Amino acid sequence: MSKLSADEFVRRTADGVYALALRLTGNAADAWDLAQDALLRAVKSLDSFRGDSDPRTWVYRITVNAWKNRAASAAERMRRASTPLDAGEAGAVRLPAGDPPADVPLERGEAAEAVRRAVAALEPEDRACLQLREFDGLSYEEIASALDVPVGTVKSRLHRARLALAKALEEHR
Amino acid sequence: MSCDEEALTEYLDGELSPERGAAVEVHLKSCAACAKTLERLKAASAAFKKHAAVRSPAGLGRETRGRELSAVLTAVIVTVVVVLTVGKMFKPQISGIFNQVMGMISGAASTVGSGN
């Protein structure tokens, strides 16, 4: 693997990885960390990937797995922190956030704010499905592969997420 | 075809077979509720694309490659230190060379640190 090919790989996938990381984590700081982690893992194992599938699906799968590992670790720390002997760890716990995404708004206005609030209120995997479908144009099969869920789950998540956004749009009018 | 809301999402995304897609289109002509739901789904999709795009922060890719190269250089430095330390333990006469090389490594490490 040449340095150039790894650079090219990062150049092509970094934006998509960050966007997915932001949908999963809900905040820019965690998204940055997760994206760096995922891209580094992908670059280190780039030799094991050689064109048999869309590289985006491959690196998005790495991103989702890294996110799940972090969530599991945070949950475990929280569980341990909930016991009296581990109370001192509570301050060090950092859970995947439900805060609104800290992405820079491209458009102001009430509709934009209503949509962003509705997106922030979605479950992380629902946001991820929307991102991969609406901005990456991935098929249901590709999204299912990235998220490691059945195709039917992708369909249900997209449907639920869009209805939630539709409701938010209608309520703001 | 009876009402199948999730099929409308599949239809919107072009995920239905030609046969199922045709069946949905026939159904939409006679079902106002499903036609309304499809419009709501389209509006939500358009609004998401219009208002919720993610802007990537600058330097994301560059920092990843920088971290990778730092990790490689760190591994090389650690390997050299271990080899020379073991060598120094068993061959005291190379301690002079060991001190010279450690000086060179310290200089290289501070150069990498300032370059990140």
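Every chain is numbered independently, its residues counted from 1 as its sequence is written. Chains and ligands are labelled sequentially in the order written, the chains with letters from A and the ligands with numbers from 1. Only residues with pLDDT of at least 70 get local features here, since the model is predicted, and only at 80 or more are side-chain atom pairs given and counted; chain-wide, interface and lining totals rely on the full set of residues. The basis for the side-chain values is all heavy atoms of the structure; hydrogens and waters are excluded.

1. Some thoughts on the overall build of chain A
Only runs of H or I of at least four residues qualify as helices and only runs of E of at least two qualify as strands under DSSP, and these elements are numbered from the N terminus. Each helix and strand counted, chain A has 7 helices and 0 strands in total. For chain A, the N- to C-terminal ordering of α and β elements is α-α-α-α-α-α-α. A contact between two residues is defined here by any heavy atoms of the two lying within 4.5 Å. Put simply, 64% of the contacts in chain A that link residues at least 6 apart link residues at least 24 apart. The protein chains shown are the only cover counted for residues, whose accessible areas, like all others here, come from Shrake-Rupley with a 1.4 Å probe. Carbon and sulfur atoms form 53% of the exposed surface of chain A, whose accessible area is close to 8400 Å².

2. Observations concerning helix H7 (residues 151–172) of chain A
A helix's residues, less one, multiplied by 1.5 Å, set its expected span. With 22 residues, H7 of chain A ought to run about 32 Å at 1.5 Å a step, and its terminal C-alpha atoms sit 32 Å apart, in line with that. Per-residue accessibility, obtained with a 1.4 Å probe over protein chains only, is compared with the maximum for each type, and a residue is labelled buried under 20%, exposed over 50%, and partly exposed between these values. By the burial criterion, the buried members of H7 of chain A are Val 154, Lys 155, Arg 157, Leu 158, His 159, Ala 161, Arg 162, Leu 165, Ala 166, Ala 168 and Leu 169 of chain A. In this structure, the buried side of H7 of chain A is in contact with helix H4 (110–121), helix H5 (124–135) and helix H6 (140–147) of chain A together with helix H1 (5–12) and helix H3 (32–51) of chain B.

3. A closer look at the confidence of the model for chain A
All names here are of chain A. Taken residue by residue, chain A gives an average pLDDT of 83. The fraction at 70 or more is 80%. Looking at the elements of chain A, mean pLDDT is at its lowest for helix H3 (residues 55–81), recorded as 86, and at its highest for H5, recorded as 97. Confidence of the predictor at the level of single residues is captured by pLDDT, which takes values from 0 to 100. A low-confidence stretch, residues 86–102 (pLDDT under 50), is modelled with 37 contacts involving residues beyond four sequence positions or located in other chains.

4. Here's the deal with a nonpolar patch on the surface
On the surface, a cluster of nonpolar side chains totalling about 220 Å² of accessible area is made up of Val 72, Val 76 and Val 80 of chain B. Looking at Val 80 of chain B, the relative accessible area reads 31%, which means it is partly exposed. Patch members must show over 30% relative accessible area and no salt bridge, and they are joined within 9 Å when carrying like charges or within 5 Å when they are nonpolar side chains of Val, Leu, Ile, Met, Phe, Trp or Tyr. Salt bridges are identified by distance alone: a Lys or Arg side-chain nitrogen within 4 Å of an Asp or Glu carboxyl oxygen.

5. Section: the interface of chain A and chain B
The accessible area lost on association of the parts is a frequent measure of interface size. Across the contact, 44 residues belong to chain A and 34 residues belong to chain B. When two parts are put together, the accessible area they lose, computed with a 1.4 Å probe and summed over both, is reported as buried area. Carbon and sulfur atoms supply 63% of the area that chain A and chain B bury against each other, a total of about 3800 Å² over both sides. Taken as a group, Trp 32, His 159 and Arg 162 of chain A account for 16% of the area that chain A buries against chain B, more than any other trio of residues on that side. Among the salt bridges present, the one from Arg 162 of chain A reaches Asp 13 of chain B, with a minimum N-O distance of 2.9 Å. Think of a polar contact as two N or O atoms within 3.5 Å of one another; within protein, one of them needs to be a possible hydrogen donor and the other a possible acceptor, and neighboring residues in sequence only count if both atoms come from side chains. Put simply, chain A and chain B have 14 residue pairs in polar contact (both at pLDDT 80 or more) between them. Within the residue set of the side of chain A that touches chain B, elements represented by two or more residues are helix H1 (3–25), helix H2 (28–44), H4, H5 and H7 of chain A. Taken together, the residues that form the side of chain A that touches chain B break down as 26 nonpolar, 5 polar and 13 charged. Under this grouping Gly is polar, as are all residues other than the nonpolar Ala, Val, Leu, Ile, Met, Phe, Trp, Tyr, Cys and Pro and the charged Asp, Glu, Lys and Arg.

6. Details of the packing of H3 of chain A against H6 of chain A
All names here are of chain A. Close contact between H3 and H6 brings their axes to 7 Å; oriented N to C, the two are set at 40°. When the axis of H3 is compared with that of H6, the two are oblique. Contacts between H3 and H6 involve Thr 57, Tyr 60, Arg 61, Val 64 and Lys 68 from the first element and Glu 142, Ser 145, Ala 146 and Leu 147 from the second. Tallied by class, the residues present in the contact of H3 with H6 amount to 4 nonpolar, 2 polar and 3 charged. All axes are obtained by fitting lines to C-alpha atoms, using only the stretch in contact for helices, and the reported angles, taken between N-to-C directions, cover 0 to 180 degrees. Throughout this description, any angle smaller than 35 degrees is read as roughly parallel, any larger than 145 degrees as roughly antiparallel, any in the 65 to 115 degree range as roughly perpendicular, and the remainder as oblique.

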